[in-house]
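This is what each chain is made of:
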Amino acid sequence: MRSDRVAAALVRLKYIRNASDLVSEVRKKSFRVLSTSAPQTLTEAVRSKIEPMKAQVHVVREQFGEEVLGTCTVNQAYGGMRSVKSMVYETSLLDPEEGIRFRGYSIPECQKLLPKAKPAGEQPLPEGLLWLLLTGDIPTESQVQSVCMDLKQRATVPEDVLHFLDRLPHKRLHPMTQFTIAVNLLQRDSRMTEAYAHGAAKSAYWEHCLEDALTLIARLPVIAARIYRNTFHGAKHIPLETTANADDMGKRLARSLGFESTEFDELMRLYLVLHADHEGGNVSAHAVRLVGSALSDPYLAFAAGLNGLAGPLHGLANQEVLRWLLQMKEKLGGRPMTTENLTELCWQTLREGHVIPGFGHAVLRRTDPRYTAQREFALKYLPHDEMFQLVSKLYEVVPQVLEEQGKVKNPWPNVDQHSGVLLRYYGLVESNFYTVLFGVSRAIGTLSSLVWDRALGLPIERPKSVTTQWIRDHFEKRSVSA
Ligand code: CMX
């Protein structure tokens, strides 16, 4: 009976010709609109995916809508809702053992399959990841080129916004605070807010959201560079001509920060790909989803995500890691990096009541593949760097210490353990800027997901909360009646 309803709906929506097609289409696990031509632009590509995806959601809800997806214990309610399955987030999925998959592709697969910079780039272009996250398809070279051109054209920030940033008290405001101020300032350009004010139909929100997402993603490297040069280089900005031949986002970011090397361009491409998305429940992604669910536009929603990213247990950990590594070197005071010496210093950190930054994870239970990808980069380009050697040695030492401490669920390193030493090696030594780079990347994933939230018409988020008294009353009543 239920499958008859599903089939009837799909025939109506033109995804199947008749009811007997249903089984084979469901087996394929994805619907394609009958007879579509290959999309030329990202917007067309996303448009072509929306109705088929809605059909899939329709089928899933018809078939499994009343099934229980996850349960929540009292401990989980007090414990940050850890592993409660209560969100749908399409762009990426995190497996505790294997790590992140972007639209089903692991990091090594993305490194292999996504187009690279011409002529000799080896790292995937972030623009290709953007296409993948938005559409679910590995893009062709020409599709990636079209995104590169589009973002390049959008990569300008109004002069008055730049001047506002120039006048901030740079030494007193953390770069992440400057960053969220900038994103909020740019909000006045939101096409989503403008369209809403003019009565746009709900079915059209996604397109305005995509417009905002693309413009914001393109502008973030400009903003990041402005903050960096203002805060650490006496407001000496890199002339626009220097970035004129930078056709991709990674290179444009590298050059506008003031770095000239092609290796650093590659590092930026890798960095922007690795940090883009980590499924939906992490603080930054969830904040973007939550704020966006009130139909706050992508600028407002992303600014909320940045504020979450700025916390030391989340994105700020990369800054904390480099500080901790440098302190460790200082405390070694010329003594060798032996297992014994490093073990003692790790215990010192724990005894002082601090976490060891860059280790542990709320979901992962193995070494983060984003750590591994950065380690491979280091092994290729900076194998003899002293700080990299320290990071390598800590890979052997810290998991044992954390295991022995007996509290952590995952003693292995995460993405933030490695990024700082790579940046520092190329001269980007200002660690309290690092989370800004994380934020530039995180826009690619969280805003892609936000476009899909609007395309699928997801409602405002409103989980139910209860009080401690409610929990007591509820379960005491239950045990009396049992
Ligand atoms: N060093 C010392 N103690 C740690 C630890 C670490 N690296 N990781 C976890 N613990 C502790 C927790 O603080 C907790 O202690 P209490 O019971 O006293 O509160 C206990 O071990 C159990 O924690 P968990 O369930 O293993 O981890 P959580 O899901 O609560 O927290 C995370 C996850 C990432 C916040 C935590 O591992 C941590 O603080 N790591 C260091 C900071 C860090 O690297 N953050 C970046 C994560 C990646 C990202 O989001 O960018």
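Residues numbered from 1 in each chain as written. Predicted model: local features only at pLDDT ≥ 70, side-chain atom pairs only at ≥ 80, totals over all residues. Heavy atoms only, no water.

- An unreviewed UniProt entry lists the protein under the name Citrate synthase, with Cyanidiococcus yangmingshanensis as the source organism.
- Reading the Sequence similarities (unreviewed entry) entry of the UniProt record for the protein gives the comment "Belongs to the citrate synthase family." (UniProt positions renumbered as here; feature names shortened; annotations may be inferred.)

**Side note on the overall build of the protein**
Consideration 1: Assigned secondary structure in the protein consists of 23 helices and three strands.
Consideration 2: Along the longest, intermediate and shortest principal axes, the C-alpha atoms of the protein span 75 × 70 × 40 Å.
Consideration 3: Each of the 482 residues in the protein was classed as buried or not, and the buried ones make up 48%.
Consideration 4: The centroid of the 58 positive side-chain charges in the protein is displaced by 3 Å from the centroid of its 54 negative side-chain charges. (Helix = DSSP H or I, 4+ residues; strand = E, 2+ residues; numbered from the N terminus. Buried < 20%, exposed > 50% of the residue type's maximum accessible area, 1.4 Å probe, protein only. Lys, Arg positive; Asp, Glu negative; His and termini not counted. Charge placed at Lys NZ, Arg CZ, Asp CG, Glu CD.)

**Some thoughts on the pattern of salt bridges**
Consideration 1: All told, the structure shown has 25 salt bridges when counted by the stated rule.
Consideration 2: Linking Glu386 and Lys329 is a salt bridge whose minimum nitrogen-to-oxygen distance equals 3.4 Å. Highlighted residues: Glu386 in helix α20 (residues 386–405) and Lys329 in helix α17 (residues 317–332), separated in sequence by 57 residues.
Consideration 3: Look at Glu386 and you get partly exposed, because its relative accessible area is 42%.
Consideration 4: The class for Lys329 is partly exposed, based on a relative accessible area of 31%. (Salt bridge = Lys/Arg side-chain N within 4 Å of Asp/Glu carboxyl O.)

**Remarks on a nonpolar patch on the surface**
Consideration 1: On the surface, a cluster of nonpolar side chains totalling about 270 Å² of accessible area is made up of Val74, Tyr78 and Phe475.
Consideration 2: Note that Tyr78 resides in helix α4 (residues 74–78). (Patch = residues over 30% accessible without salt bridge, like charges linked within 9 Å, V, L, I, M, F, W, Y side chains within 5 Å. Areas by Shrake-Rupley, 256 points an atom, 1.4 Å probe, with all protein chains shown as cover.)

**A word on the packing of aromatic side chains**
Consideration 1: This model, assessed by the stated rule, comprises 11 aromatic pairs.
Consideration 2: Pairing Tyr425 with Tyr426 gives two aromatic rings, centres 4.9 Å apart and planes at 90°, and the pair type is edge-to-face.
Consideration 3: On the basis of relative accessible area, Tyr425 is assigned to the partly exposed category, the value being 38%.
Consideration 4: Through pairs of rings, three or more aromatic residues link up here, namely Tyr228, Phe232, Phe259, Phe264, Tyr425, Tyr426 and Phe433. (Phe/Tyr/Trp six-rings, centres within 6.5 Å; stacked < 30°, edge-to-face > 60°.)

**Examining the nonpolar core**
Consideration 1: Counting residues in each nonpolar core, the largest one holds 112 residues, and the members touching the most others are Leu129, Leu257, Phe264, Leu325 and Leu428.
Consideration 2: With 15 residues, helix α11 (residues 205–232) is the single largest residue contributor to this core.
Consideration 3: Counting contributing residues per domain, this core is built from domain 1 (1–67) and domain 2 (317–425), each supplying no fewer than three.
Consideration 4: Look past the residues within four positions of Phe264 in its chain and what remains in contact with it is Ala254, Leu257, Phe259, Leu423, Tyr426 and Leu428. (Core = buried A, V, L, I, M, F, W, Y, C linked by side-chain atoms within 4.5 Å. Domains from an automatic or database assignment. Contact = heavy atoms within 4.5 Å.)

**Overview of the UniProt feature "active site" (unreviewed entry) in the protein**
Consideration 1: In the UniProt entry, the feature "active site" (unreviewed entry) is given for His314, His361 and Asp416. The named residues occupy 103 residues along the chain; their greatest pairwise C-alpha distance, 10.7 Å, places them in one compact cluster.
Consideration 2: Mapped onto the elements, His314 comes out in the loop between α16 (298–309) and α17.
Consideration 3: Residue His314 is classed as buried on the basis of its relative accessible area of 15%.
Consideration 4: Apart from the residues lying within four places of it in its own chain, the contact partners of His314 are Asn282, Val283, Ser284, Gly308, Leu309, Asp416 and Arg442.
Consideration 5: For Asp416, the location among the structural elements is in helix α21 (residues 416–425).
Consideration 6: The exposure class assigned to Asp416 is buried, which follows from its relative accessible area of 6%.

**With respect to the site of the ligand**
Consideration 1: Of all residues adjacent to the ligand, which total 20 residues, the nearest are His314, Gly358, Lys407, Lys409 and Asp416.
Consideration 2: Side-chain polar atom of Arg82 to an oxygen atom of the ligand: 3.0 Å apart, as the coordinates give it.
Consideration 3: In the environment of the ligand, an oxygen atom lies 2.8 Å from a nitrogen or oxygen atom belonging to the side chain of Lys407.
Consideration 4: Protein contacts shield 75% of the accessible area of the ligand, which totals 890 Å² for the unbound molecule.
Consideration 5: Here the residues of the shell around the ligand sort into 11 nonpolar, five polar and four charged. (Near = heavy atom within 4 Å. Polar contact = N/O pair within 3.5 Å; in protein donor to acceptor, adjacent residues only side chain to side chain. Nonpolar A, V, L, I, M, F, W, Y, C, P; charged D, E, K, R; others polar.)

**Digging into helix α15 (residues 283–292)**
Consideration 1: Within the sequence span of α15, burial applies to Ser284, Ala285, Ala287, Val288, Arg289 and Gly292.
Consideration 2: Buried residues along α15 sit against α16 and α22 (434–455).

**Digging into the side chain of Thr367**
Consideration 1: Position of Thr367 relative to the elements: it lies in the loop between α18 (339–351) and α19 (369–381).
Consideration 2: Look at Thr367 and you get buried, because its relative accessible area is 16%.
Consideration 3: Here Tyr395 takes part through its side chain, which lies 2.8 Å from a polar atom of the side chain of Thr367.
Consideration 4: Contact partners of Thr367, with chain neighbours within four places excluded, come to Thr372, Tyr395, Trp412 and Pro413.

**Remarks on the sheet that holds strand β3 (residues 105–106)**
Consideration 1: Read from one edge to the other, the open sheet built from three strands follows the order β1-β2-β3, with strand pairing classed as antiparallel. Only two strands of the sheet have a single partner each, and these edge strands are β1 (92–95) and β3.
Consideration 2: Across two bridges, the pairing between strand β2 (residues 99–102) and β3 is antiparallel. What sits directly across from Arg101, in β3, is Ser106. (Pairing = 2+ DSSP bridges.)

**A few points about the packing of α19 against α21**
Consideration 1: Between α19 and α21, whose axes approach to 8 Å, the crossing angle comes to 30°. As far as their axial angle goes, α21 and α19 are roughly parallel. For the pair α19 and α21, the sense of crossing is left-handed. Judged by residue contacts, Tyr371, Gln374, Arg375, Phe377, Ala378 and Tyr381 of α19 engage Gln417, His418, Ser419, Leu422 and Tyr425 from α21.
Consideration 2: Here the contact of α19 with α21 is built from residues that sort into six nonpolar, four polar and one charged. (Axes fitted to C-alpha atoms, helices over the stretch in contact; angles between N-to-C directions. Parallel < 35°, antiparallel > 145°, perpendicular 65-115°, else oblique. Left-handed = near helix turned anticlockwise from the far one by under 90°.)

**Some details on unusual backbone geometry**
Consideration 1: Following Lys118, the chain continues to Pro119 via a peptide bond in cis, the omega torsion being 5°.
Consideration 2: The topology assignment puts Pro119 in the loop between α5 (107–113) and α6 (126–135).
Consideration 3: A positive phi angle is found at Arg103, which is not glycine, with a value near 45°.
Consideration 4: Tracing the backbone through its elements, the reader meets Arg103 in the loop between β2 and β3.
Consideration 5: In this structure, Ala235 takes a positive phi of about 60° despite not being glycine.
Consideration 6: Position of Ala235 relative to the elements: it lies in the loop between α11 and α12 (240–243).
Consideration 7: Under the relative-accessibility criterion, Ala235 is labelled partly exposed at 39%.

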